Amino acid sequence: MEKLLILDFGSQYTQLIARRVRELNIYCEIHPYNHLPENLDEFAAVILSGSPFSVRNDDAPHPDLSQIRGRKPLLGVCYGAQYLAHFGGGEVAPSSIREYGRANLSFIKENEVFLDKIPLNSQVWMSHSDTIKQLPQGGICLASTKDVINAAYRIEGEPTYAIQFHPEVYHSTDGKKILENFLVQIAGFKQTWTPDNFVEMTVTTLKEQIGDEQVVLGLSGGVDSTVAAVLLNKAIGQQLHCIFVNNGLLRKNEFQNVLKQYEGMGLNVKGVDASQQFLEALKDVSDPEQKRKIIGRVFIEVFDNESHKVENARWLGQGTIYPDVIESVSVKGPSATIKSHHNVGGLPDFMKLKVVEPLRMLFKDEVRRVGASLGINPELLGRHPFPGPGLAIRILGDITAEKVQILQEVDAIFIDGLKEYGLYDKVWQAGAILLPVNSVGVMGDERTYEKCVALRAVESTDGMTADWVHLPYDFLQKISNEIINKVKGVNRVVYDISSKPPATIEWE
Ligand code: XMP
């Protein structure tokens, strides 16, 4: 299979380069600049990413590219372009003005394949504080903006190209076309990476890898674990043993409904109701991090106990996806931003199983496309993300069975309402939060002193940043009435209008 290598110098945009490349149906992998892959020969071309560093600093990434430059098609982006200039006999200097944001190409050299069909004035996105004053040896300027003369260049006699702006961000209107020109016209990629293709290839590899051994996998009801399970099931059938644990903190009727769906999909799945075990372990615990740790621990106990019942289990299947993998091998090392809430976790020491992760090279949208190609129900694929600790982190303060039940009812009214009003698919994630306050109300002639719930609905692409959704007032009015009328113990509903940052999506 044809592969592109993206060498990461730590830019916030590196993942975006990979996404654009995948959108062009080309397979790519990101590797940190200081760990060139051993199988370098397998990569047909290389892109050098941007970086927060300046090439002029001693501690900046200065890898040896002698195995790459001049030998394979090479494209430097931003820092990558400056790096090729700096070490190729050119000059990189601090910009006299800050070059950040939109700019337009004011010069494009004619008859250059690299800029084929890119119109003059095309908008590009700049984000740099150094500029390429003088091109490297053999450098030919291909494009300029008003402030940046060397916005794009190539090196004579070799397939080396460089651009100062970021083709991967949407603000660079023709950025994807430039990437396509480089990858297809210059590097000769055939664009054969598709979900169907991926399924076929992965099934073959999984069969070889696993042979006749048994695999256990924890299903969560979420998209990733479901797609991983269906893919494994396609490869090894009943050798896959799925375990779906009810921690008692799922949505209303979720355990029964999802279990039924899984069975209908032909998965060999065992539902384990451990609600009591979780609730007992969480008794009187209010601290959010403590809740997460307890839920993680009890889950491992339950899962381990169940997996021991599977005879000859040799493998642990996991629904890990590419952003998690990139995070754990990033230039900066395992990132400090990994929160304890990413409780998917690694392999507990006491389970001596080999790990199989069929989705570890896919982005979330690709997982959905693969799921669709496997024939998984679109409703299941379009489900909102739901946190592992479930309602435990949406019940502020301590957790009781009664509070769980109240919140499940409220949440169900909200989510069903979103579906009924055709709003569910416009929202990235939604849910209800049970607040640890009572407030005064009046129902009939009676004074009430009951619970308050908050509703939260956000738009996002990856959960890292989010904005609250402007749900229609008449919808909010209807939902609020329905909740207060139907859910005993709740007399007030509020809507959360905080964005992330500075707030987070969950309240705990
Ligand atoms: P925050 O609250 O950090 O949430 O803005 C971002 C995304 O992560 C989910 N989330 C979790 N997922 N275990 C999970 O599996 C957790 O402990 C957890 N906490 C937050 C949250 O639902 C949102 O999608």
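Residues numbered from 1 in each chain as written. Predicted model: local features only at pLDDT ≥ 70, side-chain atom pairs only at ≥ 80, totals over all residues. Heavy atoms only, no water.

Now for empty space enclosed by the protein. Inspection of every chain in the model, using the stated rule, returns four cavities of 30 Å³ or more. There is about 70 Å³ of room inside the largest cavity. Arg-394, Gln-429, Ala-430, Gly-431, Ile-433, Arg-456, Ala-457, Val-458, Ile-505, Glu-506 and Trp-507 are the residues that line the largest cavity. Here the lining of the largest cavity takes four residues from strand S15 (residues 429-443), the largest share from any one element. Classifying every residue of the lining of the largest cavity by side-chain character gives six nonpolar, two polar and three charged. (1 Å grid on protein atoms, 1.4 Å probe; cavity = no way out; pocket = protein on both sides within 12 Å on 5 of 7 lines; lining within 4 Å. Points joined across faces, edges and corners; volume = space filled by probe spheres on them. Helix = DSSP H or I, 4+ residues; strand = E, 2+ residues; numbered from the N terminus. Nonpolar A, V, L, I, M, F, W, Y, C, P; charged D, E, K, R; others polar.)

Strands sit in the order S12-S11-S10-S13-S14 across an open sheet of five strands; the sheet is parallel. Two strands close off the open sheet at either side, each with one partner strand: strand S12 (269-273) and strand S14 (354-356). Across the sheet, the mean angle separating the axes of adjacent strands is 30° when strand polarity is ignored. Here helix H6 (residues 254-264) sits on the sheet in contact with strand S10 (214-219), strand S11 (240-246) and S12, set at roughly 170° to S12. (Pairing = 2+ DSSP bridges. Axes fitted to C-alpha atoms, helices over the stretch in contact; angles between N-to-C directions. Contact = heavy atoms within 4.5 Å.)

Before going further, it helps to spend a moment on the sheet that holds strand S5 (residues 91-108). Strands belonging to one sheet form pairs held by backbone hydrogen bonds; the direction of such a pair is parallel or antiparallel. As summarised here, the arrangement of the nine strands in space is S2-S1-S3-S4-S9-S8-S7-S5-S6, forming an open sheet in which the pairing is mixed. Across the chains shown, the open sheet's two edge strands, defined by having one partner strand only, are strand S2 (27-32) and strand S6 (123-134). On average, each strand axis in the sheet is inclined to that of its neighbour by 30°, with strand direction left out of account. Across four bridges, strand S4 (residues 74-77) lies against strand S9 (residues 160-163) in parallel orientation. By the bridge assignment, Gly-76 is partnered in S9 with Ala-162.

Before going further, it helps to examine the UniProt feature "binding site: ATP" (unreviewed entry) in the protein chain. According to UniProt, the positions carrying the feature "binding site: ATP" (unreviewed entry) are Ser-220, Gly-221, Gly-222, Val-223, Asp-224, Ser-225 and Thr-226. Structurally, the position occupied by Ser-220 is in the loop between S10 and helix H5 (223-236). Those residues in contact with Ser-220, other than ones at most four positions away along the chain, are Ser-225, Phe-244 and Tyr-262. At 3.0 Å, the side chain of Ser-220 and the backbone nitrogen of Gly-222 are in polar contact. Taking relative accessible area as the criterion, Ser-225 reaches 9% and is therefore assigned buried. In this structure, Ser-225 is in contact with Leu-217, Gly-218, Leu-219, Ser-220 and Tyr-262, ignoring residues within four places of it in sequence. Here Ser-220 takes part through its backbone nitrogen, which lies 3.0 Å from a polar atom of the side chain of Ser-225. (UniProt positions renumbered as here; feature names shortened; annotations may be inferred. Polar contact = N/O pair within 3.5 Å; in protein donor to acceptor, adjacent residues only side chain to side chain. Buried < 20%, exposed > 50% of the residue type's maximum accessible area, 1.4 Å probe, protein only.)

Each pocket or cavity is described by its volume, and for the second largest pocket that value is around 440 Å³. As for the second largest pocket, its lining consists of 17 residues, of which Tyr-27, Thr-202, Thr-205, Pro-358 and Met-361 are closest to the centre. Mapped by element, the contributors of at least two residues to the lining of the second largest pocket are S2 and helix H4 (195-210).

Here we take up the pattern of salt bridges. Between side chains of opposite charge, pairing is possible as soon as their charged atoms come close. Counted according to the given criterion, the structure contains 30 salt bridges. Note that Lys-176 is salt-bridged to Glu-23, the shortest N-O span being 3.1 Å. One end of the pair, Lys-176, is in helix H3 (residues 175-186); the other, Glu-23, is in helix H1 (residues 14-23), and 153 residues separate them in sequence. One salt bridge connects Asp-398 with Lys-403, and the closest N-O pair in it is separated by 2.9 Å. One salt-bridge network, held together by shared partners, links Lys-109, Glu-112, Arg-154 and Glu-156. (Salt bridge = Lys/Arg side-chain N within 4 Å of Asp/Glu carboxyl O.)

Another aspect to go through is the side chain of Asp-8. Structurally, the position occupied by Asp-8 is in strand S1 (residues 3-8). On the accessibility criterion, Asp-8 (8% relative accessible area) is buried. Reaching out from Asp-8, the side chain makes a polar contact with the side chain of Ser-49 at a distance of 3.5 Å.

As a further point, take the pairing of S5. The pairing of S5 with S6 spans ten bridges and is classified as antiparallel. Across the sheet, residue Glu-91 finds its bridge partner in S6, namely Gln-134. With three bridges connecting them, S5 and strand S7 (residues 139-145) associate as antiparallel partners. Each residue of the ladder has a partner; that of Phe-107, found in S7, is Ser-144.

Below, the discussion takes up the packing of aromatic side chains. Evaluation of the coordinates by the stated rule reveals 17 aromatic pairs. For the ring pair Tyr-79 and Tyr-83, a centre distance of 6.1 Å and an interplane angle of 15° mean the geometry is stacked. You can see Tyr-79 and its partner Tyr-83 sitting in helix H2 (residues 79-86), four residues apart, about one turn around the helix. For Tyr-83, a relative accessible area of 5% translates into the label buried. Plain terms: the ring middles of Phe-299 and Phe-303 are 5.7 Å apart, the flat faces sit at 15° to each other, and that makes the pair stacked. Of the two residues, Phe-299 and Phe-303 are both situated in helix H8 (residues 288-308); the distance of four residues between them amounts to about one turn of the helix. On the basis of relative accessibility, which here comes to 33%, the residue Phe-299 falls in the partly exposed class. Counting every residue linked through ring pairs, the aromatic cluster contains Phe-9, Tyr-33, Tyr-79, Tyr-83 and Phe-87. (Phe/Tyr/Trp six-rings, centres within 6.5 Å; stacked < 30°, edge-to-face > 60°.)

Two quantities define a packed helix pair, namely the angle between the helix axes and the distance between the axes. Their axes nearest at 8 Å, the elements H4 and H5 cross at an angle of 60°. In the packing of H4 onto H5, the handedness of the crossing is right-handed. In contact with Phe-198, Val-199, Thr-202, Val-203, Leu-206, Lys-207 and Ile-210 of H4, H5 contributes Leu-231, Leu-232, Lys-234, Ala-235 and Ile-236. Looking at side-chain class alone, the contact of H4 with H5 contains nine nonpolar, one polar and two charged residues. (Left-handed = near helix turned anticlockwise from the far one by under 90°.)

Our next topic: the UniProt feature "active site" (unreviewed entry) in the protein chain. UniProt records the feature "active site" (unreviewed entry) for Cys-78, His-166 and Glu-168 in the present numbering. What stands out for the annotated residues spanning 91 residues is how close their C-alpha atoms remain, the widest pair being 11.0 Å apart. Relative to the assigned elements, Cys-78 resides in the loop between S4 and H2. When neighbours within four sequence positions are excluded, Cys-78 is seen to be in contact with Gly-50, Ser-127, His-128, Ile-163, Gln-164, Phe-165 and His-166. Position of His-166 among the secondary structure elements: in the loop between S9 and H3. Sequence-distant contacts of His-166, that is, excluding residues within four places in its chain, are made with Tyr-13, Val-77, Cys-78, Trp-125, Ser-127 and Ser-172.

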